[in-house]
Amino acid sequence: TQLLEQSPQFLSIQEGENLTVYCNSSSVFSSLQWYRQEPGEGPVLLVTVVTGGEVKKLKRLTFQFGDARKDSSLHITAAQPGDTGLYLCAGLSGNQFYFGTGTSLTVIP
Amino acid sequence: EAGVAQSPRYKIIEKRQSVAFWCNPISGHATLYWYQQILGQGPKLLIQFQNNGVVDDSQLPKDRFSAERLKGVDSTLKIQPAKLEDSAVYLCASSLLPTGWGEKLFFGSGTQLSVL
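Residues numbered from 1 in each chain as written. Chains lettered and ligands numbered in written order. Predicted model: local features only at pLDDT ≥ 70, side-chain atom pairs only at ≥ 80, totals over all residues. Heavy atoms only, no water.

A. Structural context of the overall build of chain B. On a plain count of helices and strands, chain B comes out with 0 helices and 11 strands. Ordered by position in the sequence, the α and β elements of chain B form the string β-β-β-β-β-β-β-β-β-β-β. What you see for chain B is a C-alpha radius of gyration of 13 Å, in line with the 13 Å of a compact globule of 116 residues. Every one of the 116 residues in chain B was classed for burial, and the buried ones make up 44%. Excluding contacts between residues fewer than 6 apart, the proportion of contacts in chain B whose partners are at least 24 apart in sequence is 53%. As presented, chain B carries roughly 5,700 Å² of accessible surface, and 52% of it is formed by carbon and sulfur atoms. In chain B, the 12 positive side-chain charges and the 10 negative ones have mean positions that sit 5 Å from each other. (Helix = DSSP H or I, 4+ residues; strand = E, 2+ residues; numbered from the N terminus. Rg over C-alpha atoms; globule rule 2.2 N^0.38 Å. Buried < 20%, exposed > 50% of the residue type's maximum accessible area, 1.4 Å probe, protein only. Contact = heavy atoms within 4.5 Å. Areas by Shrake-Rupley, 256 points an atom, 1.4 Å probe, with all protein chains shown as cover. Lys, Arg positive; Asp, Glu negative; His and termini not counted. Charge placed at Lys NZ, Arg CZ, Asp CG, Glu CD.)

What follows is the structure in structure tokens.
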């Protein structure tokens, strides 16, 4: 079983602050996805990164895939209350996505 | 387009009882997944179907869990008998193509199971 560790596990910040969430593994993945999950709902895909070193930006969110395709980061600039949720990374190995342990983010107005 | 439909939303049962969950994927999606998400953890794949065939069920506790996808459309996941450690959210997801293509997964809202 491929293990994806996310850090921090919990994060509580004020509106307008910046933050970075990390997703680390000792395994190499074909691609990596980031999801956001709100309470009582299923995860919703934010982005897919495929190439080592790839950087993708989605408005205030910046995603980076590590050069060795073993790790990834999600950076949020000027966080807003609407960013609150559980952030999950998922690495593709073979025909299965392995989900990370999750980072629960709370943005306080 | 309609999303992935799951029912029921909540279920409370006593240990050793049986329970079944239902999922209707997005129309045209050939691949269907059942995930188990224990509180505070990421989802764990239980079983993956491609049309009505099983692609991966290596993490399905087959002594108590079973799943079927008749006619390659909707699916049911059953637990019999339930244990306390089965308390979790059961998520159904679907994708147009198999996971190996790096496909986007569309998740339902899940069924929250509490085993007392």
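B. Main features of the side chain of Gln 37 of chain B. You can see Gln 37 of chain B is positioned in strand E4 (residues 31-37). A residue is classified by how much of its surface remains accessible, and Gln 37 of chain B, at 7% relative accessible area, is buried. At a separation of 2.9 Å, a polar atom in the side chain of Gln 37 of chain B contacts the side chain of Gln 37 of chain A. Among the polar contacts made by the side chain of Gln 37 of chain B, one reaches the main-chain carbonyl oxygen of Gln 41 of chain B at a distance of 3.1 Å. (Polar contact = N/O pair within 3.5 Å; in protein donor to acceptor, adjacent residues only side chain to side chain.)

C. Structural detail: the interface of chain B and chain A. With 22 residues of chain B in contact, the opposing surface of chain A contributes 21 residues. Approximately 1,600 Å² of surface area, both sides summed, lies buried where chain B meets chain A, with 49% of it carried by carbon and sulfur atoms. The largest share of the area that chain B buries against chain A comes from Pro 43, Thr 99 and Phe 107 of chain B, three residues that together contribute 23% of it. Counting across the chain B and chain A interface gives 6 residue pairs in polar contact (both at pLDDT 80 or more). Of all the secondary-structure elements, those providing two or more residues to the side of chain B that touches chain A are E4, strand E5 (44-50) and strand E6 (53-56) of chain B. A class-by-class count of the residues in the side of chain B that touches chain A yields 7 nonpolar, 11 polar and 4 charged. (Buried area = accessible area lost by both parts, 1.4 Å probe. Nonpolar A, V, L, I, M, F, W, Y, C, P; charged D, E, K, R; others polar.)

D. Spatial organisation of the state of the cysteines. Under the counting rule described, the total for this entry stands at 2 disulfides over all chains. Note on cysteine connectivity: Cys 23 of chain A is disulfide-linked to Cys 89 of chain A, with sulfurs 2.1 Å apart. Judged by the torsion about the S-S bond (80°), the Cys 23 of chain A/Cys 89 of chain A disulfide is right-handed. On the criterion of sequence distance, the pair formed by Cys 23 of chain A in strand E3 (residues 19-24) and Cys 89 of chain A in strand E9 (residues 85-93) is long-range, its members being 66 residues apart. Looking at Cys 89 of chain A, the relative accessible area reads 0%, which means it is buried. Disulfide pairing places Cys 23 of chain B opposite Cys 92 of chain B at an S-S distance of 1.9 Å. Between Cys 23 of chain B and Cys 92 of chain B the disulfide shows an S-S torsion of about -70°. By sign, it is left-handed. (Disulfide = S-S within 2.5 Å.)

E. Region of the structure containing the sheet that holds strand E1 (residues 5-7) of chain A. All names here are of chain A. Strand order in this open sheet of 5 strands is E1-E3-E8-E7-E6, and the pairing throughout is antiparallel. Strands at the two margins of the open sheet, each flanked by one partner only, are E1 and strand E6 (55-58). On average, adjacent strands in this sheet sit at an angle of 15° to one another, irrespective of strand direction. One ladder, built from 6 bridges, connects E3 with strand E8 (residues 71-76); its direction is antiparallel. Considered in E8, the bridge of Cys 23 is made with Ser 72. (Pairing = 2+ DSSP bridges. Axes fitted to C-alpha atoms, helices over the stretch in contact; angles between N-to-C directions.)

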